[in-house]
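What follows is each chain in one-letter form.
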Amino acid sequence: MTDHTGNHAVRNDPNLSRSIVLVTCIFFLWGLSYGLLDVLNKHFQEAMHINKADSGILQVAYFLAYFVIAVPAALFNQRYGYKRGLIAGLVLFATGALLFIPALSISSFVCFVASLFILACGLGFLETTANPYISQLGEQRYAEKRLNLAQAFCGLGTVIGPLIGGALFFGQETATITAASHNLVLQVYVWIAVFVVLLAGVIAKTTMPAISNAGQTPQAYRSLLAHPGYMTGVLAQFLYVAAQVGVGAFFINYATEAGVGLGSQNAAWLLSMAMFLFMAGRFIGTFSLGFLSPTKLLAVSALSCLALSMVVIVGQGYLAIGALTLIFFFMSIMFPTIFSLSINGLGDKTKIGSSLLAMAVSGGALYPYAMGYIADHYGTSAAYTLPLISFAFILGFAMTQEKLGMPNPAVSQG
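So, here is what we can say about the structure in this document. The model shown is predicted, which means the values in this text are computed figures rather than measured ones.

The topology assignment puts glutamine 237 in helix 11 (residues 228-249). Since its relative accessible area comes to 0%, glutamine 237 is described here as buried. For glutamine 237, the residues in contact, after removing those within four places along its chain, are Met334, Phe335, Ile338, Phe339, Leu357 and Ala360.

Mapped onto the elements, asparagine 41 comes out in helix 2 (residues 16-47). On the basis of relative accessibility, which here comes to 0%, the residue asparagine 41 falls in the buried class. In this structure the side chain of asparagine 41 is engaged in a polar contact, spanning 2.8 Å, whose partner is the side chain of glutamine 45. Those residues within four positions of asparagine 41 in sequence are excluded, and the remaining contacts are Ser55, Gly56, Leu58, Gln59, Ala249, Phe250 and Asn253.

If you walk through the whole model with that rule in mind, you get 18 aromatic pairs. Put simply, the rings of Phe44, Phe100, Phe109, Phe112 and Tyr189 pair up and form one aromatic cluster.

Packing of helix 14 (residues 294-314) against helix 20 (residues 385-403) leaves a shortest axis separation of 8 Å and a crossing angle of 160°. Taken as axis vectors, helix 14 and helix 20 run roughly antiparallel relative to one another. The handedness of the crossing between helix 14 and helix 20 comes out as left-handed. Packed against helix 14, whose contacting residues are Thr295, Lys296, Leu298, Ala299, Ala302, Leu303, Cys305, Leu306, Ser309, Met310 and Ile313, the element helix 20 presents Thr385, Leu388, Phe391, Ala392, Ile394, Leu395, Phe397, Ala398, Gln401 and Glu402 at the interface. Looking at the contact of helix 14 with helix 20 residue by residue, the classes come out as 15 nonpolar, four polar and two charged.

Thresholds applied
- Residues numbered from 1 in each chain as written.
- Predicted model: local features only at pLDDT ≥ 70, side-chain atom pairs only at ≥ 80, totals over all residues.
- Heavy atoms only, no water.
- Helix = DSSP H or I, 4+ residues; strand = E, 2+ residues; numbered from the N terminus.
- Buried < 20%, exposed > 50% of the residue type's maximum accessible area, 1.4 Å probe, protein only.
- Contact = heavy atoms within 4.5 Å.
- Polar contact = N/O pair within 3.5 Å; in protein donor to acceptor, adjacent residues only side chain to side chain.
- Phe/Tyr/Trp six-rings, centres within 6.5 Å; stacked < 30°, edge-to-face > 60°.
- Axes fitted to C-alpha atoms, helices over the stretch in contact; angles between N-to-C directions.
- Parallel < 35°, antiparallel > 145°, perpendicular 65-115°, else oblique.
- Left-handed = near helix turned anticlockwise from the far one by under 90°.
- Nonpolar A, V, L, I, M, F, W, Y, C, P; charged D, E, K, R; others polar.

Following this line, the structure appears as structure tokens:
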């Protein structure tokens, strides 16, 4: 072992490739779970006859779980290591998925939300563990490539999720769909739970590299307060995730209400196309960094989202639906670009800075209920004023970073 991180030992670990594959499978899992979430939002509106504000509680519970579990997960990883952290996260994930059985059997939305919260705690545990772990599974100079590859599989999951949901959750457009559609939701999550349990078993039996997670002390976290640019970046990240989740949460509602005759199933498939644009945007955005600085790329993306949001708010028909779909493309580079700009210049505080930015994923709990309330009382298009506020803040953050003359850090994770 050549240094305190154990990088030399990790590079020579014979199980390294297998470990990377297993961790990448976990990235796919949370992409699939998130892709299903926005479809579930519309499904419960139809199957349980709840309003949009109440359906937004699904996203609130899902992303609130990330905030609740992030610190306990980090402490668990520090004490027991990343491998046990992955297993613990998968166990929580499977437990939440299996709790869908009683929740949907009694057709209780409250019980389902509780089950989803436990499932999301598992996902938050996994994300807190897998992001730093995969970045250290091998040579540091290839860390970003490993993260980008893993995130590509996460993006694939977000594309497949709406396809599954659209095909199964909205297959029967009748007034008596509740029991049948709940049964299909149940089957999907039971099969996911089976896969998760099998994956946990494989990880438990696989010898995986042990990597140090030392140095993440409360004092170290407090020292970040001395970096105002960093804290602004955390807020920008928080608001970005709020916008991303809000845009997706009521996408199907918006598409079906745009006056072009789209049903919920076709709208779910259109959401899958939007997720594909999101995934493609990551690759195109990374390529664009050869021509644009990260601050300029972020500013262009935020300005594009601002303009498209205005079309969504005041427009109608296919033009407005197209604008909403394109927002996903321009949002795609925001998380990784804000991430890299925020940690730039942190030096030996980079690792703890990264962990706090990961906690900003909890911003997804901010908008859904409020957007649902606005949609119920003033129309779904009006609800998109909230993501517009986020994009305006992100534009300001990018312009501020540009004026500061920040170096051009490579795009990190997303």
